[in-house]
Amino acid sequence: MKAKGAIRGKHARSFAKRANKEDWIVSVEKYLLPELNLNKRMKIVDFATGSGNIIPFFNNKVKEFTAIDASEEMIKILNEKFGNIKNLKIIKADISDVPLLSNKYDAVIMKFALHHIFNADPVIKEAYRILKKGGMFFIIDPVFEGNFFDRIKVQFIRLGKTIRKGYQELFCRYRNQKEVNDMLLRNGFKVLKKTNVGGTKTYNYFTDYMFMAKK
Ligand SMILES: C[S@@+](CC[C@H](N)C(=O)[O-])C[C@H]1O[C@@H](n2cnc3c(N)ncnc32)[C@H](O)[C@@H]1O
């Protein structure tokens, strides 16, 4: 299977319960929406939507909202929760190869998913391809800010998470600000802004950031 980061089996339902916690969505209301200036002509794509905690913020506010995830279980949850929303498209796909046309979308969002993608360049390329010229790409993700010893601790944490939360955790990759920034630049984006978006800190060497980039 291509998308190693896809959440499988019983872990999807327990993830869906946790995912509605306030600190998982505070970044959307406080930082993402003010940058997006939503309107009824906009077409937005959410990469790796998970159980869809972002969807209610866009319901009836844009022309089209496309939610993509590679996990069969997550797609099932999305259909159960949001299947009746008219302007919502739910697609099961790997975000490194999305079945969408080029140059058509106003914004692509990827929230708390980048660290689940070990080799993310193909994903960033896909975001670039489907965006219109001038379209915006928003990455919200924990950024690593620790030292060499923290890097080692993170490897143990990753193994613990794999046991508790599932096989997908094994393929996580924690990047620092420079790594995310460089990845955006080498795939053609201009990075306009990096914002510390708070949330509850589980480990003191991770800070949640929003990267705002333009095609
Ligand atoms: C931590 S969850 C975040 C979900 C959601 N964006 C949120 O903020 O709650 C990561 C999601 O990425 C999905 N995922 C991981 N790798 C993927 C890939 N290559 N293509 C599509 N989805 C992927 C997983 O199935 C999971 O639903």
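Residues numbered from 1 in each chain as written. Predicted model: local features only at pLDDT ≥ 70, side-chain atom pairs only at ≥ 80, totals over all residues. Heavy atoms only, no water.

Asks: Summarise the site of the ligand; cite the residues concerned and give the values.
Replies: In the neighbourhood of the ligand, 21 residues make up the surrounding shell, with I7, A48, D69, I95 and K111 lying closest. Between the ligand and the protein, one listed contact pairs an oxygen atom with a side-chain N or O atom of D69 at 2.7 Å. Between the ligand and the protein, one listed contact pairs a nitrogen atom with a backbone N or O atom of K111 at 2.7 Å. Protein contacts shield 97% of the accessible area of the ligand, which totals 600 Å² for the unbound molecule. Of the residues belonging to the shell around the ligand, the class tally is twelve nonpolar, six polar and three charged. (Near = heavy atom within 4 Å. Polar contact = N/O pair within 3.5 Å; in protein donor to acceptor, adjacent residues only side chain to side chain. Areas by Shrake-Rupley, 256 points an atom, 1.4 Å probe, with all protein chains shown as cover. Nonpolar A, V, L, I, M, F, W, Y, C, P; charged D, E, K, R; others polar.)

Asks: Quick rundown of the pattern of salt bridges? Include the residues and the values.
Replies: Tallied over the entire structure, the rule returns nine salt bridges. A salt bridge links D182 to K178; its shortest N-O distance comes to 2.5 Å. Taken together, the residues D182 and K178, both in helix α6 (residues 177–186) and four residues apart, mark about one turn of the helix. Residue D182 is classed as partly exposed on the basis of its relative accessible area, which comes to 26%. (Salt bridge = Lys/Arg side-chain N within 4 Å of Asp/Glu carboxyl O. Helix = DSSP H or I, 4+ residues; strand = E, 2+ residues; numbered from the N terminus. Buried < 20%, exposed > 50% of the residue type's maximum accessible area, 1.4 Å probe, protein only.)

Asks: Tell me about the pairing of strand β1 (residues 43–47), and name the residues and values.
Replies: Counting buried positions along β1 yields five of five residues, so the element is predominantly enclosed. In β1, alternate side chains face the same way, and those of K43, V45 and F47 on one face and I44 and D46 on the other are all buried. By the bridge criterion, four bridges tie β1 to strand β4 (residues 105–111) in an arrangement that is parallel. Bridge assignment links I44 to a residue of β4, and that residue is A107. (Pairing = 2+ DSSP bridges.)

Asks: Run through the environment of N147, naming residues and quoting values.
Replies: Here N147 is to be found in the loop between β5 (131–144) and α5 (148–165). Of the residues examined, N147 reaches a relative accessible area of 43% and is grouped as partly exposed. Remark: the alpha-carbon pair of N147 and Y205, spanning 58 residues in sequence, is separated by 8.1 Å.

Asks: I'd like to hear about the packing of helix α1 (residues 10–18) against helix α3 (residues 72–82), residue by residue, with values.
Replies: In contact at an axis separation of 9 Å, α1 and α3 are set at 50° when each is read in the N-to-C sense. If you check the angle between α1 and α3, you find them oblique. Judged by the twist between their axes, the crossing of α1 over α3 is right-handed. Contact residues: α1 offers A12, R13, F15 and A16, while α3 offers E73, M74, K76, I77 and E80. Broken down by class, the residue content of the contact of α1 with α3 amounts to five nonpolar, no polar and four charged. (Axes fitted to C-alpha atoms, helices over the stretch in contact; angles between N-to-C directions. Parallel < 35°, antiparallel > 145°, perpendicular 65-115°, else oblique. Left-handed = near helix turned anticlockwise from the far one by under 90°. Contact = heavy atoms within 4.5 Å.)

Asks: How would you explain the environment of I25 if you had to name every residue and give the values?
Replies: Within the secondary structure, I25 sits in helix α2 (residues 22–36). I25 sits in the buried class, given a relative accessible area of 17%. Along the sequence, I25 and N53 sit 28 residues apart, while their C-alpha atoms lie 7.1 Å from each other.

Asks: Can you break down the sheet that holds strand β2 (residues 64–69) residue by residue, with the values?
Replies: An order of β3-β2-β1-β4-β5-β7-β6 is seen for the seven strands of this open sheet, with the pairing classed as mixed. Edge strands, defined here as strands with exactly one partner in the open sheet, are β3 (88–92) and β6 (190–198). Along the sheet, successive strands turn relative to each other by an average axial angle of 15°, direction set aside. The pairing of β2 with β3 spans five bridges and is parallel. What sits directly across from F65, in β3, is L88. Strand contacts of α3: β2 and β3, with the helix running at about 160° to β3, the strand carrying the most contacts. Seen against the sheet, α6 touches β5, β6 and β7 (206–214) and runs at an angle of roughly 15° to β7.

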